[in-house]
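Listed here are the chains, written in short residue letters.
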Amino acid sequence: MMANLPQSLSLNPPFGGPTASSANTNAVQASKDRRMASAEQLVLELSNPDLRENALLDLSKKREIFQDLAPLLWNSFGTIAALLQCVASHPDTRTLFLNAHIPLYLYPFLNTTSKTRPFEYLRLTSLGVIGALVKVDDTEVISFLLSTEIIPLCLRTMEMGSELSKTVATFIVQKILLDDVGLRYICATAERFFAVGRVLGTMVNSLAEQPSSRLLKHIIRCYLRLSDNPRACEALRNCLPEMLRDATFSSCLREDPTTKRWLQQLINNVAGGNRAAAYQAGGGLEHMLGN
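Residues numbered from 1 in each chain as written. Predicted model: local features only at pLDDT ≥ 70, side-chain atom pairs only at ≥ 80, totals over all residues. Heavy atoms only, no water.

Q: Describe unusual backbone geometry, naming the residues involved and giving the relevant values.
A: The backbone of His101 shows a phi angle near 55°, a positive value even though the residue is not glycine. Mapped onto the fold, His101 is located in the loop between helix 6 (94-99) and helix 7 (107-110). We note that Asp137 has phi near 55°; this positive angle belongs to a residue other than glycine. Structurally, Asp137 is set in the loop between helix 8 (117-134) and helix 9 (139-146). (Helix = DSSP H or I, 4+ residues; strand = E, 2+ residues; numbered from the N terminus.)

This is the structure we're talking about:
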């Protein structure tokens, strides 16, 4: 009797239930969804320094089964920046990172003048990678950066970026100055010294209206390091902002004894502590100006 039924009826399950083919399709899709959820969780863990290493290991092992991993990495907020910072700061990959000149690919984002939020995010992300490089106190890194246009790019951001971008850019300049190679580079010509000094002075004037203790801390540290160079210290006697000499920022620094100590040391240096050394080194401001 069943053999005489039409083929269409004999093959279909009763009451219109799912076919074996559709069930397989659903199972495949469910498996794919689980893999994607797993990939998304691992990508989120890349932003956590404590989980990053294991997340990278799992992603590398499973990259063949995560078919959409590349767009997921690219479109997830902060992931590429976190990976670049990780590579830039690790001692085993830092030199390779520099030799590949990867920082240069970030410079166009620092060269933008738009203040809209998307461009500001690009600036901040790029600065974060450079900041990870200089944070390790490596003269090789400083020498590489000084062979590029990093100083004028940072100075531009210090003039027109958001408070956070200005802070990171000033931190980069500070770390460059703290290296002897960087200090000599900045103080080698009057043009370089006064380019940095002018931007720092402009920022001090702006902070009088909109205080930021975090940004002020890095500015003061830059000035203090410049005062370690005898000729630069002599020049600062004429161009150090008056607001750093008076009580303008007293309330801003009330809870920061370290920065208050830096500022006092700066004032002492500029007031004459290094003056004799400046003349012994070949003159002060006049020498820097080439007179």
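Q: Kindly report on the packing of aromatic side chains, identifying the contributing residues and their values.
A: This structure, assessed with the given rule, holds one aromatic pair. Ring centres of Phe193 and Phe194 lie 4.9 Å apart, and the angle between their planes is 80°; on these two criteria the pair is classed as edge-to-face. When its relative accessible area of 1% is taken as the criterion, Phe193 is described as buried. Using a relative accessible area of 29% as the deciding quantity, one classes Phe194 as partly exposed. The ring of Tyr185 carries the charged tip of Arg192 above its face, separated from the ring centre by 3.8 Å. The residue whose ring lies beneath Arg221 is Trp262, and the NZ or CZ to ring-centre distance is 5.2 Å. (Phe/Tyr/Trp six-rings, centres within 6.5 Å; stacked < 30°, edge-to-face > 60°. Buried < 20%, exposed > 50% of the residue type's maximum accessible area, 1.4 Å probe, protein only. Lys NZ or Arg CZ within 6 Å of the ring centre and 35° of its normal.)

Q: How would you explain the nonpolar core if you had to name every residue and give the values?
A: Counting 60 residues, the largest nonpolar core has Ile150, Ile172, Tyr223, Leu226 and Leu244 as the members making the most contacts within it. By residue number, the principal contributor to this core is helix 14 (residues 213-226), which donates eight residues. In terms of nonpolar packing, the next biggest core, distinct from the first, is built from 11 residues, Phe66, Leu69, Leu73 and Leu83 among them. (Core = buried A, V, L, I, M, F, W, Y, C linked by side-chain atoms within 4.5 Å.)

Q: So what's going on with the pattern of salt bridges? Which residues, and what values?
A: Taken as a whole and assessed by the stated rule, the structure comprises nine salt bridges. Residue Asp228 pairs with Arg225 through a salt bridge whose shortest N-O separation is 3.2 Å. On the accessibility criterion, Asp228 (39% relative accessible area) is partly exposed. Accessibility expressed as a relative area gives 11% for Arg225, which makes it buried. For the salt bridge of Glu242 with Arg245, the shortest nitrogen-to-oxygen distance reads 3.7 Å. Placement of the pair is Glu242 and Arg245 together in helix 16 (residues 242-245), with a separation of three residues, close to one helical turn. Taken together, the shared-partner salt bridges in this structure form one network comprising Asp180, Arg225 and Asp228. (Salt bridge = Lys/Arg side-chain N within 4 Å of Asp/Glu carboxyl O.)

Q: Go over the confidence of the model for the chain with me, naming the residues and quoting the values.
A: When the pLDDT values of the chain are averaged, the result is 84; 81% of them are 70 or greater. Here helix 19 (residues 285-288) stands out as the least confident element of the chain, with mean pLDDT 41; helix 12 (residues 180-187) is the most confident, with 98. Counting interchain partners and residues more than four positions distant, the pLDDT-below-50 stretch residues 5-11 has zero contacts. Segment residues 274-291 is flagged for pLDDT under 50; beyond a separation of four residues in sequence, or across chains, it makes 33 contacts in the model. (pLDDT = per-residue confidence, 0-100. Contact = heavy atoms within 4.5 Å.)

Q: Requested: an account of the packing of helix 13 (residues 190-209) against helix 14, with residues and values cited.
A: Running from N to C, helix 13 and helix 14 point in directions that differ by 145°, and their axes come no closer than 11 Å. The hand of the helix 13/helix 14 crossing is left-handed. Of the residues in helix 14, those in contact with Phe193, Val196, Gly197, Leu200, Gly201, Met203, Val204 and Leu207 of helix 13 are Leu215, Leu216, Ile219, Cys222, Tyr223 and Leu226. (Axes fitted to C-alpha atoms, helices over the stretch in contact; angles between N-to-C directions. Left-handed = near helix turned anticlockwise from the far one by under 90°.)

Q: So, helix 12: which residues are in play, and what are the values?
A: For helix 12, every residue scored as buried is listed here: Gly182, Leu183, Ile186 and Cys187. Summarising the axial view, the buried residues of helix 12 lie within an arc of 120°, below the 170-degree limit, and thus occupy one face. Residue Asp179 occupies the N-cap position of helix 12, its side-chain oxygen lying 2.9 Å from the main-chain nitrogen of Val181. (Arc of directions from axis to C-beta. Polar contact = N/O pair within 3.5 Å; in protein donor to acceptor, adjacent residues only side chain to side chain.)

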